[in-house]
Amino acid sequence: MLVPVWKAGKYTSAPGLSCPGCGAVIAQPGSEISMQQMRPSDGESRRPGSEGFFLPDFCAAPAVFFAVLLAELIVLLHVLVLGPLGAFSWQALATGSLFLQWNTLLSMALLCRLRPRLLHLGTLPATASCLAVVATVVALSSAIVYYNFPLLMAPGESSLSFLLRNVLVALVLAAIALRYAYLQRRVALQQRSELQLRLDALQARIRPHFLFNTLNSIASLIAIQPDRAEQAVEDVAELFRAALKDEGRDSTLDEEWHLCELYLELEGLRLGERLQVQWEMDDALRSQKIPALLLQPLVENAVYHGIAQRPEGGTVRIAAARDGARLCVVVENPLAEQPAGQVGSGQRMALDNIRQRLDARFGREGTLLAERQGERFVARLCLPLLAPEGAP
């Protein structure tokens, strides 16, 4: 395969290279909560008012598992406080587990069926409805146990006392669980809101000096090369249009490739022959979906911290290849004179910002490794392959 090599606005050809080592790309994800963990399920997100709804999905296996586990721990704690450890009552554990698990599973089954209706209620009505369901289930279960299994009752305890005691305990535990779910949802929404604001700022971020330098270069071309100046203005408009578009929309690798070409064409107005670019991409990957404006900051980083700092300039290599079920993109540039292993603060900030975007979207499946290899700085970005538009 032949791939284009760009030199000061002109294209030639060079032998295509693969993306070796992409499978070994490892990067530590950020500590912020992942957007995938906070995103509601597809069915839930389509329901009106479900975005801020605090009740968990009672039909989900994890919710059922943790409810059963919590109920069993409560029974175990109750039996342990009844007497010394040597007099541990397995019968009390068995009967208590049966009673509490029955009430837990029955309450969750009813709330699972009622949850679509609860979505349309506010926080207080939904909470009251959940508590009413729990109280009703426990009251009926307590009545059944009292009249059918009298040997399990404490001596002299009346039916009303037994029923009220169980209902009050169930209401307290249910209220604590609902409060925890509410606070957890509030924290998740707040984290997602803060993260989304940060992602919006990162995605729309293009250094002001780039705009100023480009405008100065265009101004100098107007008198001597008006056609090229006009094309440069159109390129700037297209680049900023991409930076300001809807952040929730994915782009394609071909579109991101084109944005990098536009950016490098504009930088070429300032750097001239000092900037050379080598492109390597499998044509089969052009329709692959990736987050918008993900590659341009890496390319800008390579130009600003590499080529622009060297009087003789150099070559930026940009390669994209498939590695199993992942897409890997490599951006490398020659290093400016600096101590070995040192990375500029602006360069490190740009790489950290990209890592945060990857972690917010893909969690541990999105990685970025940046390191010095000899006299070149290499950044490898890998993310899961996403289905193209219109794919089943």
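Conventions used here
Residues numbered from 1 in each chain as written. Predicted model: local features only at pLDDT ≥ 70, side-chain atom pairs only at ≥ 80, totals over all residues. Heavy atoms only, no water. Helix = DSSP H or I, 4+ residues; strand = E, 2+ residues; numbered from the N terminus. Buried < 20%, exposed > 50% of the residue type's maximum accessible area, 1.4 Å probe, protein only. Contact = heavy atoms within 4.5 Å. Areas by Shrake-Rupley, 256 points an atom, 1.4 Å probe, with all protein chains shown as cover. Pairing = 2+ DSSP bridges. Disulfide = S-S within 2.5 Å. Phe/Tyr/Trp six-rings, centres within 6.5 Å; stacked < 30°, edge-to-face > 60°.

On to the overall build of the protein chain, then. In terms of regular secondary structure, the protein chain is built from 11 helices and nine strands. A buried classification covers 41% of the 392 residues belonging to the protein chain. Across the protein chain, the fraction of contacts at a sequence separation of at least 24, relative to all contacts at a separation of at least 6, is 74%. Looking at the protein chain as shown, the accessible area adds up to about 21,200 Å², and 61% of this sits on carbon and sulfur atoms.

This part is about the pairing of strand β7 (residues 326-334). With nine of its nine residues buried, β7 lies for the most part within the structure. Pairing of strand β6 (residues 314-323) with β7 involves seven bridges; the strand directions are antiparallel. Across the sheet, I318 pairs through a bridge with V331, a residue of β7. With antiparallel pairing between neighbouring strands as the criterion, β6 and β7 make up a hairpin whose turn holds two residues, including G324 at a positive phi of roughly 65 degrees. One ladder, built from nine bridges, connects β7 with strand β9 (residues 376-384); its direction is antiparallel.

A separate point is the state of the cysteines. Tallied over the full model, the rule gives two disulfides. In this model C59 forms its disulfide with C112; the gap between the sulfur atoms is 1.4 Å. For the disulfide bridge between C59 and C112, the dihedral angle about the S-S bond is near 80 degrees, and by the sign convention the bridge is right-handed. Of this pair, C59 sits in the loop between α2 (42-45) and α3 (61-80) while C112 sits in helix α4 (residues 90-118), and the two are 53 residues apart along the sequence. We classify C59 as partly exposed; its relative accessible area is 44%.

Across all of its chains, the model carries one aromatic pair by this definition. Relative to W279, the ring of W257 has its centre 5.4 Å away and its plane inclined at 55 degrees; by these criteria the two rings are tilted. Of the two residues, W257 sits in helix α9 (residues 253-271) while W279 sits in strand β4 (residues 275-281), which places them 22 residues apart along the sequence. You can call W257 buried: its relative accessible area is 4%.

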